[in-house]
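Okay, here's what each chain looks like letter by letter:
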Amino acid sequence: MKSDVKKRVPDNTAAFEEVVSIIEHARENAFRAVNRELISMYWEIGHYISDKVTAGSWGKSVVQEFSRFIQSHFAGIKGFSPQNIWRMKQFYETYAGNEKLSPLVREISWTNNILIMMAAKSDEEREFYLLLSSKNNYSKRELERQIDSGLYERTMIFSEKNQMFLSRNAGLTALRDSYVLEFLDVPEHHREKELRKAIIANLRDFILEFGRDFTFVGEEYRVQVGNTDFNIDLLFYNRELSCLVAIELKIGRFKPEHLGQLEFYLEALDRDVRKPSENPSVGLILCARKDDEVVEYALSRTMSPALIAEYQTHLPQKSLLENKLRELRELAEGLEDGEGVSE
């Protein structure tokens, strides 16, 4: 008598996905190895040309001749236009002798190296974007957008202004006190619902602005306390910090009572949602305007891992950010110089 029970076919999807991850990892390693060799080649050519120019034996006409020579010997070769050859020289001269930065340039693409080299004005800024680009594997468009939005200046301004809050909780280092959301395309006078919906519709760009380690959990995320339901505007998870990140949206000016609401949500998340293996939840109030003194007063007595940030719906003027950062640093240097001076 034949059995009516059909033979079950084992599900090998999980095993197949493991093999796929091995293949993807190998392909990524191969790409990085090829890229390192390419950058090393540009570095050596830049070194050679720099020496020739310094010695006075090479100039504009020789570089043009060299470009034609290379392209005639290697059919279809790209990257050896006279302009790019001069960039190789500049590339070498920018990082030569810098033992800290020269290894980093080999971890990102030539295109991104050019973007950073042309935009950054200091070794500190170059290091910031080199590490950021390598960590997040940015495309040209993504890196260009971060530079145009003044991410370096905004991050440094935040760090200078908020040392006390950063030292209080390591989870706050994943956040900043200003965000640029020009990609949302919301009207000038918008409602909180419109802002939230625009963020959800542009989630990829929103996460790019906040950081690749953020993953989306939910919109109007419901938490129940007693018999009452409450909704958190946006809930994310940060993989690097292993914690939930609650974001409350405010289209007006920050008010101290907003912080009490956020602290209540963080308590609810930690008691009822957070897993034992995760770190305490972190909160961010994202508002259209804020008075720094009001923010400082509001945060001074709280031990909750929370920050208040301002959002803009247009790209900021980098010159204004640069001036603000310079002023903060000059103020900090003045305070340091005054330490220990008695009247």
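This one's a predicted model, so the numbers in the text were calculated from it and none came from an experiment.

Draft legend 1. Just the overall build of the chain, in detail. Helix and strand content of the chain: 13 helices and 6 strands. For the chain, the spread of C-alpha atoms along the three principal axes comes to 105 × 80 × 45 Å. Considering the chain as a whole, with its 343 residues, one finds that 41% of them fall into the buried category. Excluding contacts between residues fewer than 6 apart, the proportion of contacts in the chain whose partners are at least 24 apart in sequence is 65%. Summed over all atoms, the accessible surface of the chain reaches about 20200 Å², with 51% contributed by carbon and sulfur. Here the chain holds 46 positive side-chain charges and 56 negative ones, and the gap between their average locations is 7 Å.

Draft legend 2. Summary view of the pattern of salt bridges. Summed over the entire model, instances satisfying the criterion amount to 27 salt bridges. Here Asp 123 and Arg 126 are joined by a salt bridge, their closest N and O atoms 2.7 Å apart. Residue Asp 123 and its partner Arg 126 are both found in helix α5 (residues 123-136); the two are separated by 3 residues, about one turn of the helix. Look at Asp 123 and you get partly exposed, because its relative accessible area is 37%. What makes Arg 126 buried here is its relative accessible area of 14%. Taking the shortest distance from any N to any O, the salt bridge between Arg 145 and Glu 182 comes out at 2.8 Å. With Arg 145 in helix α6 (residues 140-148) and Glu 182 in the loop between β1 (178-180) and α9 (192-201), this pair connects stretches of sequence that are 37 residues apart. Judged by its relative accessible area of 10%, Arg 145 falls in the buried class. Judged by its relative accessible area of 25%, Glu 182 is partly exposed. Residues joined in a network through salt bridges with shared partners are Arg 141, Glu 142, Arg 204, Asp 205 and Arg 212.

Draft legend 3. View of unusual backbone geometry. Of note in the backbone geometry, Asp 185 takes a positive phi value of approximately 55° without being a glycine. Structurally, the position occupied by Asp 185 is in the loop between β1 and α9. Here Glu 220, not a glycine, exhibits a phi torsion of approximately 45°, which is positive. With respect to the helices and strands, Glu 220 occurs in strand β2 (residues 214-225).

Draft legend 4. Geometry of the nonpolar core. Residues Leu 175, Phe 206, Phe 236, Ile 247 and Leu 286 are the most contacted members of the largest nonpolar core, which totals 50 residues. When neighbours within four sequence positions are excluded, Ile 247 is seen to be in contact with Phe 206, Phe 210, Ile 232, Asp 233, Leu 234, Phe 236, Leu 284 and Leu 286. Judged by nonpolar contacts, the second largest core, of 40 residues, contains Tyr 42, Leu 115, Tyr 129 and Leu 325.

Draft legend 5. Quick look at the sheet that holds β1. Here 6 strands make up an open sheet; going across it, the order is β1-β6-β5-β4-β3-β2 and the pairing mixed. Edge strands, defined here as strands with exactly one partner in the open sheet, are β1 and β2. When the angles between neighbouring strand axes are averaged without regard to direction, this sheet yields 35°. Pairing of strand β5 (residues 282-289) with strand β6 (residues 306-312) involves 5 bridges; the strand directions are parallel. Looking at the pairing, Ile 285 lines up with Ile 308 of β6.

Draft legend 6. Molecular detail of the pairing of β6. Most of β6 sits inside the fold, with 5 of its 7 residues counted as buried. The pairing of β1 with β6 spans 3 bridges and is classified as parallel. Across the sheet, residue Val 180 finds its bridge partner in β6, namely Gln 312.

Draft legend 7. Structural context of α9. What α9 keeps buried is the set Leu 195, Arg 196, Ala 198 and Ile 199. Looking straight down α9, one finds its buried side chains confined to an arc of 160°; they lie on one side.

Draft legend 8. Layout of the side chain of Arg 145. A distance of 2.8 Å separates polar atoms of two side chains, one belonging to Arg 145 and the other to Glu 182. Apart from residues lying up to four places away in sequence, Arg 145 is in contact with Val 180, Leu 181, Glu 182, Phe 183, Leu 208 and Glu 209.

Draft legend 9. A look at the pairing of β2. Summarising the sheet, β2 and strand β3 (residues 228-238) pair through 10 bridges and their orientation is antiparallel. Following the sheet pairing, Glu 219 is matched in β3 by Leu 234. Between β2 and the antiparallel strand that follows it, β3, lie 2 residues; Gly 226 among them carries a positive phi value of about 65°.

Draft legend 10. Local environment of the packing of aromatic side chains. Under the defined criterion, the tally for this structure stands at 18 aromatic pairs. An angle of 85° between the planes, with centres 5.9 Å apart, marks the rings of Tyr 48 and Trp 58 as edge-to-face. Pair noted here: Tyr 48 is in helix α1 (residues 13-55) and Trp 58 is in the loop between α1 and α2 (60-73), with a separation of 10 residues, a long-range link. In this structure Tyr 48 comes out as partly exposed when scored by relative accessible area, which is 46%. One aromatic cluster is present, built from ring pairs that chain together Tyr 42, Trp 43, Phe 80, Phe 91, Tyr 92, Tyr 95 and Trp 110. Here Arg 106 stacks its cationic end above the ring of Trp 43, 4.9 Å away from the centre of that ring.

What counts, and where the lines are drawn
- Residues numbered from 1 in each chain as written.
- Predicted model: local features only at pLDDT ≥ 70, side-chain atom pairs only at ≥ 80, totals over all residues.
- Heavy atoms only, no water.
- Helix = DSSP H or I, 4+ residues; strand = E, 2+ residues; numbered from the N terminus.
- Buried < 20%, exposed > 50% of the residue type's maximum accessible area, 1.4 Å probe, protein only.
- Contact = heavy atoms within 4.5 Å.
- Areas by Shrake-Rupley, 256 points an atom, 1.4 Å probe, with all protein chains shown as cover.
- Lys, Arg positive; Asp, Glu negative; His and termini not counted.
- Charge placed at Lys NZ, Arg CZ, Asp CG, Glu CD.
- Salt bridge = Lys/Arg side-chain N within 4 Å of Asp/Glu carboxyl O.
- Core = buried A, V, L, I, M, F, W, Y, C linked by side-chain atoms within 4.5 Å.
- Pairing = 2+ DSSP bridges.
- Axes fitted to C-alpha atoms, helices over the stretch in contact; angles between N-to-C directions.
- Arc of directions from axis to C-beta.
- Polar contact = N/O pair within 3.5 Å; in protein donor to acceptor, adjacent residues only side chain to side chain.
- Phe/Tyr/Trp six-rings, centres within 6.5 Å; stacked < 30°, edge-to-face > 60°.
- Lys NZ or Arg CZ within 6 Å of the ring centre and 35° of its normal.

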